[in-house]
Amino acid sequence: MNQEDQVLPNGSPVVHQLLAISQDHSRLLCSNLHSYSVYPVSNIVSDQPLRQGHGGVSCMSILDNDILALVGSGSDPYCASNKVKILDAYQLVILEIELRQQILNVALTHENIVLVTTTRTLIYDFATLHLIREVGTVKNDTGIVLVGSLNNERILVTLGVDSLGTIRIYREHFNDPVLIHAHDNAIQCMALSKNGDKLATASKKGTLIRIWDTTSGEEIKCVRRGAAAVEIHSLDFSDDEEYLCLSSSNKTIHIFNITPINMNSSWLGYTSYEKSLMTIPLQESHATVIFGEERNTLKGICSI
């Protein structure tokens, strides 16, 4: 995106209410108050969006770079904030779901549409729109949810229902979840590894990042970002699962070596938690960072 694209005809800057990277790291998802657009992450400075349309949106999800899910928001919304519309590659609406509550997040898989409200996560069958499962959660104002797969089985990660720092990991049929008490404070950010076997979590305190085995629910590593409380904006595993990167509100990117694992790391003392291998300063206070396609590279987007 050129800087010129971020200025309105009257000279005022465009205000982005959504600036995110798709879960498969292939697309940059953007929306201002009046329009939405999709750019390739492989050419993040591209002048031409791959997809664009009229109307602001609060959350987006893309599947196979063709199927796009949109939830409206802003003064000139694409649709109501309690409705998700699914578009095909030709920008035609093929599915709609409307709830009574505002939809805070949407995630797509080949089998399911996952919607998140303040206290519920709803899983729909993509083909029939039948509601398969409704999961209650603690208050989830930012719509935290993750979808992925492990050994060809679906994985769904939601917040817990009993206390702020808990999470639940559901497998193929969304029954009998793995329960994890991840943090003493509310969860702020999560990330799944590419093959779905590891989960990274950060609380609203933002000092410790914990890594979990998604099958057993055991903690396998804990790293320390710092001692002062910050807001964690993004977490990402490298493809080889050797490194974890994060961005936070203190204008810093941290990179951690997460191998070898430390079993029973929750019993280690303060000084035993591993610290980051590298810190990279940023000028902006809000950034989303991911590992690049080439080894030892990073890509990121920043709100200006």
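Residues numbered from 1 in each chain as written. Predicted model: local features only at pLDDT ≥ 70, side-chain atom pairs only at ≥ 80, totals over all residues. Heavy atoms only, no water.

(A) Region of the structure containing the overall build of the protein chain. Counting secondary structure elements, the protein chain contains zero helices and 27 strands. Taking all 304 residues of the protein chain together, the buried fraction comes to 51%. Expressed as a percentage of contacts within the protein chain between residues at least 6 apart in sequence, the contacts between residues at least 24 apart total 38%. (Helix = DSSP H or I, 4+ residues; strand = E, 2+ residues; numbered from the N terminus. Buried < 20%, exposed > 50% of the residue type's maximum accessible area, 1.4 Å probe, protein only. Contact = heavy atoms within 4.5 Å.)

(B) Looking closely at the nonpolar core. Of all hydrophobic cores here, the largest spans 18 residues; its most connected members are V84, I86, V106, L108, I113, L115 and F126. Of all elements in the fold, only β5 (57–63), β6 (67–72), β7 (83–87), β8 (93–98), β9 (105–108), β10 (112–116) and β11 (120–125) reach the threshold of two or more residues within this core. Broken down by element, the residue count for this core peaks at three residues, all from β6. Ignoring sequence-local partners within four residues, the contact set of V106 consists of C59, M60, S61, A69, V71, V84, I113, V114 and L115. One finds I144, L146, A182 and M190 within the second-largest nonpolar core, a separate group that totals 17 residues. (Core = buried A, V, L, I, M, F, W, Y, C linked by side-chain atoms within 4.5 Å.)

(C) Representation of the pattern of salt bridges within the structure. Throughout the structure, instances matching the rule amount to 14 salt bridges. E96 is the partner of K83 in a salt bridge, and the nearest nitrogen-oxygen pair spans 3.7 Å. In this pair, K83 is assigned in strand β7 and E96 in strand β8, connecting sequence segments 13 residues apart. The partner of K198 in a salt bridge is D197, with the nearest N and O atoms 3.2 Å apart. (Salt bridge = Lys/Arg side-chain N within 4 Å of Asp/Glu carboxyl O.)

(D) Quick look at the packing of aromatic side chains. Here the structure, examined in full by the defined rule, presents one aromatic pair. Where Y36 meets Y78, the ring centres are 5.7 Å apart and the plane angle is 85 degrees; that geometry is what we call edge-to-face. In this pair, Y36 sits in strand β3 (residues 35–40) while Y78 sits in the loop between β6 and β7, placing the two residues 42 residues apart along the sequence. A residue is classified by how much of its surface remains accessible, and Y36, at 3% relative accessible area, is buried. The lysine or arginine in question, K85, covers the ring of Y78, its NZ or CZ lying 5.7 Å from the ring centre. (Phe/Tyr/Trp six-rings, centres within 6.5 Å; stacked < 30°, edge-to-face > 60°. Lys NZ or Arg CZ within 6 Å of the ring centre and 35° of its normal.)

(E) Quick peek at the sheet that holds strand β12 (residues 131–136). Read from one edge of the open sheet, four strands run β9-β10-β11-β12, paired in antiparallel fashion. For this open sheet the edge positions go to β9 and β12, each flanked by a neighbour on one side alone. Each neighbouring strand pair of the sheet contributes to a mean axis angle of 15 degrees, computed without reference to strand direction. Taken together, the four bridges between β9 and β10 define a ladder with antiparallel strand orientation. By the bridge assignment, V106 is partnered in β10 with L115. (Pairing = 2+ DSSP bridges. Axes fitted to C-alpha atoms, helices over the stretch in contact; angles between N-to-C directions.)

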